[in-house]
Amino acid sequence: MFALLVIAALTATIVWLASDNRRDWSSYSISILFVTWMAMMIGLSLCMLRSLLQCLPRQMPYVAAWLVIMPIVAGASVLAYEFNDALQLQLVRSNLGTFVRDNVAITALLAAAMLRYFYVLVQWRTRLAAATRAQVDALQARIRPHFLFNSMNTVAALIRLDPVAAERTVENLSELFRAALGQYDSSDGTLGDELTLIERYLAIEQLRLGERLRVQCDLGDLPVDFPLPRLLLQPLVENAVRHGIQPLREGGEVTLRGRRDSKGLCIEIGNPLSTNPPEPGNGHGLDNVRQRVAYRYGTLAKVEAGKRGDRFVVLLRLPNGPTSSAYSR
């Protein structure tokens, strides 16, 4: 509707400027009123016929929409001409046939150009969504095997020493891989689901690292039903454990903090910096999160990462989503 109104106003302005008639503001105002009314009638008609147009194959909905617009413009032009003649406004100096013909011709050209633009735009968005979805799937595949081998070694060591803990670890591992392999109805989960997966992951690492791994959660009143891509936060927590806790003989503390403000959620994940860090990774985990956040939330979301004193901190700023309940620890 916005595009229709803008194009209609621009067309009326160009015709008014190019006309040989005297350029008074009253005729210009009436012209803007006429094209605005006509654009609203076209938009309303297309919306009412949308279900029928969408049943047509391939490019036919655009052709049908173009054909629907023509009689609307012709009828509106006839009404405008009769209105001008009845009130003796003398805004239209040509005869009825010429007035209707010119309006239909102008509309036919503009409608064809606009519908072609909308068609190209839809095709571009479809290809972009497919390419981005494929890229996200490929990026997600990189994070699936990260902790598999360490977890299986932990399970093997616990089978004889603590069968109950081994069974619990296998259950936690299966939940993590169920999320990673996409065995859910939708690609999006919730913040509550993600925090549960993080708890399961940390429980596995706690068995492996023992007292070296300490976790502090301060998530305040973050809404558990906030929509979140699955396994978005878990790779960040995994990086914190892998690069911040594992290299330190004495271990360290992984912190998860969160808060809400008027713009959305702010989630912070931190870990200590090692004086002798291991060989740096390939950065897939953090790059994965950045690209998935950009794809899911757009430019309003940000992922910031860097040193802060003696700690490495990753900060996620996510725009507002639906909220109903809170997650507290």
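Computed from a predicted model, the values in this text were never measured in an experiment.

Calculation criteria
Residues numbered from 1 in each chain as written. Predicted model: local features only at pLDDT ≥ 70, side-chain atom pairs only at ≥ 80, totals over all residues. Heavy atoms only, no water. Helix = DSSP H or I, 4+ residues; strand = E, 2+ residues; numbered from the N terminus. Contact = heavy atoms within 4.5 Å. Pairing = 2+ DSSP bridges. Core = buried A, V, L, I, M, F, W, Y, C linked by side-chain atoms within 4.5 Å. Buried < 20%, exposed > 50% of the residue type's maximum accessible area, 1.4 Å probe, protein only. Expected span 1.5 Å × (residues − 1). Arc of directions from axis to C-beta. Phe/Tyr/Trp six-rings, centres within 6.5 Å; stacked < 30°, edge-to-face > 60°. Lys NZ or Arg CZ within 6 Å of the ring centre and 35° of its normal.

Draft legend 1. Layout of the environment of V254. Structurally, V254 can be placed in strand β5 (residues 252–261). Spatially, the C-alpha atom of V254 lies 7.5 Å from that of L213, the residues being 41 residues apart in sequence. For V254, the residues in contact, after removing those within four places along its chain, are L213, R214, V215, Q216, A240, V241, I245, G270 and R311.

Draft legend 2. Molecular detail of the pairing of β5. Two elements, strand β2 (residues 213–218) and β5, share six bridges in a ladder whose sense is parallel. Across the sheet, residue V215 finds its bridge partner in β5, namely V254. What sits between the antiparallel neighbours β5 and strand β6 (residues 264–272) is a turn of two residues.

Draft legend 3. Spotlight on unusual backbone geometry. Positive phi, normally seen in glycine, also occurs at R58, with a value near 50°. Within the element layout of this structure, R58 appears in the loop between α3 (50–53) and α4 (60–87).

Draft legend 4. Here's a closer look at the nonpolar core. L191, L228, V293 and L316 are the most contacted members of the largest nonpolar core, which totals 37 residues. For this core, the secondary-structure elements that each account for two or more residues are α7 (163–180), α8 (191–209), α9 (234–245), β5, β6, α10 (284–297) and β8 (311–319). For L228, the contacting residues outside a window of four places in its chain are D188, G189, T190, L191, E194, L233, Y297 and L318. In terms of nonpolar packing, the next biggest core, distinct from the first, is built from 17 residues, F34, I69, A76 and F99 among them.

Draft legend 5. Representation of helix α2 (residues 25–48) in the model. Here α2 contains 24 residues, and its C-alpha end-to-end distance of 34 Å stays within 8% of the 34 Å for a straight helix at 1.5 Å per residue. Those residues of α2 that fall on the buried side of the exposure criterion are S27, Y28, F34, V35, M38, A39, I42, G43 and S45.

Draft legend 6. Representation of helix α1 (residues 2–18) in the model. The terminal C-alpha atoms of α1, which comprises 17 residues, lie 24 Å apart, in line with the 24 Å expected from a rise of 1.5 Å per residue. Listed in full, the buried residues belonging to α1 are A8, T11, A12 and W16. Viewed along the axis of α1, the buried residues span an arc of 130°, placing them on a single side of the element. Set apart from the buried face of α1 by more than 90 degrees, the exposed residues are F2, I14 and A18.

Draft legend 7. Examining the packing of aromatic side chains more closely. Within this structure, the stated rule accounts for eight aromatic pairs. Judged by centre distance (5.5 Å) and plane angle (35°), the ring pair of W16 and W25 falls under tilted. The exposed category is assigned to W25, whose relative accessible area is 62%. Arranged with centres 5.6 Å apart and planes meeting at 55°, the rings of Y117 and F118 form a pair that is tilted. Aromatic rings pair up to connect W16, W25 and Y28 into one cluster. Against the face of Y297 rests R296, its NZ or CZ located 5.0 Å from the ring centre.

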